[in-house]
Amino acid sequence: MRVLPPCREGNTSQCDNANPNGPSAGTAFYGGPKSSGPLNGMQAEKVRVVYANSSLVKLPDNVSDDQAIMISDIFPTAYFGAEIAGVKTGSVVVVLGCGPVGQFSIISAKLLGATRVIAVDRLDDRLDMARKNGAEVINFEKEDPVEAVKKLTGGLLADCVIDAVGVDAQHAHAGPAKPDAEKEQKFEQEVQEVAPDAKPEKDGQWTPGDAPSQASEWAIEMTKKAGQIGIIGVYSPQMTTYPIGKAMNKNLTIRMGNCNHRAIIPGLVDLVAAGVVDPARVLTEHEHLGSAIEAFEAFDKRQPGWIKVELEPQAG
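Predicted model only: the values in this text are computed from it and were never measured.

Quick look at the sheet that holds strand β4 (residues 158-163) now. Spatial strand order, β3-β2-β1-β4-β5-β6: six strands in an open sheet with parallel pairing. Both outer strands of the open sheet, β3 (136-139) and β6 (253-256), are each paired with one neighbouring strand and no more. The sheet shows a mean angle of 20° between the axes of neighbouring strands, taken without regard to direction. Alignment of β4 against strand β5 (residues 223-231), held across five bridges, turns out to be parallel. Bridge pairing in β5 links C160 to Q228. Against the sheet, helix α6 (residues 145-152) engages β1 (92-96), β2 (116-121), β3 and β4, with an angle of about 150° to β3.

Have a look at this one:
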């Protein structure tokens, strides 16, 4: 039997040839960590694109630059998440996290036929955008998200859950979902495991999530028996905590990974060119490339309105 290489099967994120660390290293990231097989980052006016003859996608004239930026990464990542979560016509879907990938997860679930999308976050501006994108919303600082999903679905729970949060998850700091002292201590131990070298600044800059396994726990509790979870939120190799027993006892299907961008982008380009969806509506801020550090700081602090930022080269 002939085994096809990952790229030819459509698993383009796992290409055997593109990763500087070799075929066993998995996905190579622009600006990624050393363990992933990093390529030089792309926050620049010009960038060298490896394997450009096979990795680039030609855009039609009626797809704008702003739309193209969204199609390059976060939109396909979210669409991939909806696919691996098993979203189909009639699905009830929960999206954990309403950042830019979470917003596109809502949009993608709708494109794949979901009849209901429930979005979970704690920031009002992100929940407001989620509502505009067609989701019902839950603020986990004000109500227990698992109980809220139960109530909204009449106890049936979700067919599919998309985890768009990953290891940067935050636990509730108020309300009924706030963890007790024992659970909070468990989360603190996880933070030490996944981010032992993190040195947050006094103003809260570059701070890791305070509950790395929170999204994965909620995802399992929110999914119906024999349902499906798609994980596109980033979990580092250092993350070893996962409630696999709870998932097994519910007969859940769990799929995860890095988006196969090259396989998904052409279809999304067609949808945008046809006017089915405008991905630029998730873009909230435009900054000059020279202001990149300040822009990253504002985004990292989750300042109101900083949901997705475009960095533009300065003229002249």
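Count 3.6 residues to each turn of an α-helix, and residues three or four apart come out pointing the same way. Taken across its 11 residues, helix α3 (residues 74-84) has 10 buried, putting it largely inside the fold. Its buried side turned inward, α3 meets α2 (65-72), α4 (100-111), β4, β5, β6 and α10 (261-273). Two residues or fewer after α3 comes G86, characterised by a positive phi angle close to 80°.

Right, let's get into the packing of α6 against helix α8 (residues 214-222). Here α6 crosses α8 at 25°, and the two axes come no closer than 9 Å. One finds that α6 runs roughly parallel with respect to α8. Where α6 crosses over α8, the handedness of that crossing is right-handed. Only W218, E221 and M222 of α8 make contact with α6, whose side of the interface consists of P145, V146 and V149.

Rules behind the numbers
- Residues numbered from 1 in each chain as written.
- Predicted model: local features only at pLDDT ≥ 70, side-chain atom pairs only at ≥ 80, totals over all residues.
- Heavy atoms only, no water.
- Pairing = 2+ DSSP bridges.
- Helix = DSSP H or I, 4+ residues; strand = E, 2+ residues; numbered from the N terminus.
- Axes fitted to C-alpha atoms, helices over the stretch in contact; angles between N-to-C directions.
- Contact = heavy atoms within 4.5 Å.
- Buried < 20%, exposed > 50% of the residue type's maximum accessible area, 1.4 Å probe, protein only.
- Parallel < 35°, antiparallel > 145°, perpendicular 65-115°, else oblique.
- Left-handed = near helix turned anticlockwise from the far one by under 90°.

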